Amino acid sequence: MKTSVSLQDPYQFMFWWLIIAVVAVIIAVLLHIFVKKKLKHLLKKKDDNRPRIEKPKPGDLVTAKRKYLGELDKLERDVMSQKITVRHGYQKMSRIIRLFVHDVTRIRVQDYTLSEISEIGIPALTMLVTEYYEPEFAKYSQADIRASMRRTREVISTWY
């Protein structure tokens, strides 16, 4: 009986396996390089999450200090004359210091939570916002708003 199928030399199949193995190794190396670069980029991005603090021009810093110290003076008058409550005073004071820091650093701290503020590396701002939190959100507070205003003025006045 004759068959039309003839058996192939085993070495002919070895050629295809060699090509498949080389392609698999190339794909594995490329995949390794891609994953390594992606991980490096993600880790670098995570470390660079801290916003960059820009130094203002000297004239801009003087103008910002004058503006926000004036706003603090007005706020103090409003609180002492009881036009606004102490709680509202703390809320406004928090807004004033956050806007000041935004103006002089270009970091949008007015949108940050306390934990985000503590991560950016401005200890004076973290200290003030921490001080404001309890009286800002509590219905009743024993906080001394005059002392808080004094510390806020000091931070603004001594800003680099």
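Data block above holds the structure.
Now for a description of the structure that goes with this document. (Residues numbered from 1 in each chain as written. Predicted model: local features only at pLDDT ≥ 70, side-chain atom pairs only at ≥ 80, totals over all residues. Heavy atoms only, no water.)

Side note on the overall build of the protein chain
1) Next: Looking only at helices and strands, the protein chain has six helices and zero strands in total.
2) Next: Put simply, the protein chain runs from its N terminus to its C terminus through helices and strands in the order α-α-α-α-α-α.
3) Next: The proportion of buried residues among the 160 residues of the protein chain is 28%.
4) Next: Sequence-distant contacts, at least 24 apart, represent 69% of the contacts inside the protein chain between residues at least 6 apart.
5) Next: Here the protein chain displays about 12,100 Å² of accessible surface, and carbon together with sulfur accounts for 61% of that area. (Helix = DSSP H or I, 4+ residues; strand = E, 2+ residues; numbered from the N terminus. Buried < 20%, exposed > 50% of the residue type's maximum accessible area, 1.4 Å probe, protein only. Contact = heavy atoms within 4.5 Å. Areas by Shrake-Rupley, 256 points an atom, 1.4 Å probe, with all protein chains shown as cover.)

Overview of the pattern of salt bridges
Between side chains of opposite charge, a pair can form as their charged atoms come close.
1) Next: Taken as a whole and assessed by the stated rule, the structure comprises five salt bridges.
2) Next: Linking D111 and R108 is a salt bridge whose minimum nitrogen-to-oxygen distance equals 2.9 Å.
3) Next: The exposure class of R108 is partly exposed, given its relative accessible area of 43%.
4) Next: We note a salt bridge from E131 to R151, for which the minimum N-O separation is 2.8 Å. Here E131 is found in helix 5 (residues 123-137), whereas its partner R151 is found in helix 6 (residues 145-157), with 20 residues between them in sequence.
5) Next: Connected via shared salt-bridge partners are D73, E76 and R153. (Salt bridge = Lys/Arg side-chain N within 4 Å of Asp/Glu carboxyl O.)

Quick word on unusual backbone geometry
1) Next: Backbone geometry places Q82, a non-glycine residue, at a positive phi of 60°.
2) Next: Checked against the element boundaries, Q82 lands in the loop between helix 2 (58-80) and helix 3 (86-105).
3) Next: Here R106, not a glycine, exhibits a phi torsion of approximately 70°, which is positive.
4) Next: The topology assignment puts R106 in the loop between helix 3 and helix 4 (114-119).

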